[in-house]
Amino acid sequence: MSVKKFFKVLSEWRNKILGYSVISIVGVMVITVLWQVFTRLVLRSPAVWTEETSTYMLMWCGVVGAAYAYGQKAHIGMEYFAYKLNDRHRRMLEIVIAFLVGFFAFRVMLVGGMNFVRNAFVNHQTSPTMGIPTGYLYLCLPISAFFIITYAIEFISKDIAFLARKGEK
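Residues numbered from 1 in each chain as written. Predicted model: local features only at pLDDT ≥ 70, side-chain atom pairs only at ≥ 80, totals over all residues. Heavy atoms only, no water.

Draft legend 1. Summary view of unusual backbone geometry. The phi angle at Arg-44 is positive, at roughly 60°, despite the residue not being glycine. Structurally, the position occupied by Arg-44 is in the loop between helix H1 (3–41) and helix H2 (49–71). Here the phi dihedral of His-124 falls at roughly 55°; this positive angle occurs in a residue that is not glycine. Tracing the sequence through the fold places His-124 in the loop between helix H4 (87–122) and helix H5 (135–138). The exposure class assigned to His-124 is exposed, which follows from its relative accessible area of 66%. (Helix = DSSP H or I, 4+ residues; strand = E, 2+ residues; numbered from the N terminus. Buried < 20%, exposed > 50% of the residue type's maximum accessible area, 1.4 Å probe, protein only.)

Right under this line is the structure:
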């Protein structure tokens, strides 16, 4: 298997993992909220765990969804100015942007997220209603950072390869 084909297969698996993860998280969140509404309105005895669970699912959905959106290039960008540039300059700008995104994901989300996770577990922080360790809540940061960094590396390598091919002509 060639290196190019290997990275293509790896990229497809990464996209599937993130896509299905977001779908699953949203599904759990919908079921939790529906159960909350049912227990509150029909049974007249609301399930107390549902609000906290749906809040945690929303956080996981947002952060994991952001990683997926970045990988699909569906994130917010200032493309108006980028498309005013020629191909070479636009690719150079995209390299800088991908580097900055990757650096942010590494420094803030991965390193900072791991610190959050470690501190939560070391200090035995638990959620108020369910009593589960909050370190599990914070795990979405380093997990998403890993995927964002891999996307940034992929984007940078593709843009560098494009610029190298253009330079050969």
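Draft legend 2. Summary view of the nonpolar core. In this structure, Tyr-70 and Met-109 are the most contacted members of the largest nonpolar core, which totals 27 residues. Among the elements of the structure, H1, H2, H4 and helix H6 (140–168) are those that each provide at least two residues to this core. With 10 residues, H6 is the single largest residue contributor to this core. Discounting residues that sit within four places of it in the chain, Tyr-70 has contacts with His-75, Ala-98, Val-101, Ile-148, Tyr-151, Ala-152 and Phe-155. (Core = buried A, V, L, I, M, F, W, Y, C linked by side-chain atoms within 4.5 Å. Contact = heavy atoms within 4.5 Å.)

Draft legend 3. Layout of the environment of Gln-72. On the secondary structure map, Gln-72 appears in the loop between H2 and helix H3 (79–82). A relative accessible area of 37% places Gln-72 in the partly exposed class. Sequence separation between Gln-72 and Tyr-151 is 79 residues; the distance between their C-alpha atoms is 9.1 Å. Sequence-distant contacts of Gln-72, that is, excluding residues within four places in its chain, are made with Asn-15 and Tyr-151. Here Asn-15 takes part through its side chain, which lies 3.3 Å from a polar atom of the side chain of Gln-72. (Polar contact = N/O pair within 3.5 Å; in protein donor to acceptor, adjacent residues only side chain to side chain.)

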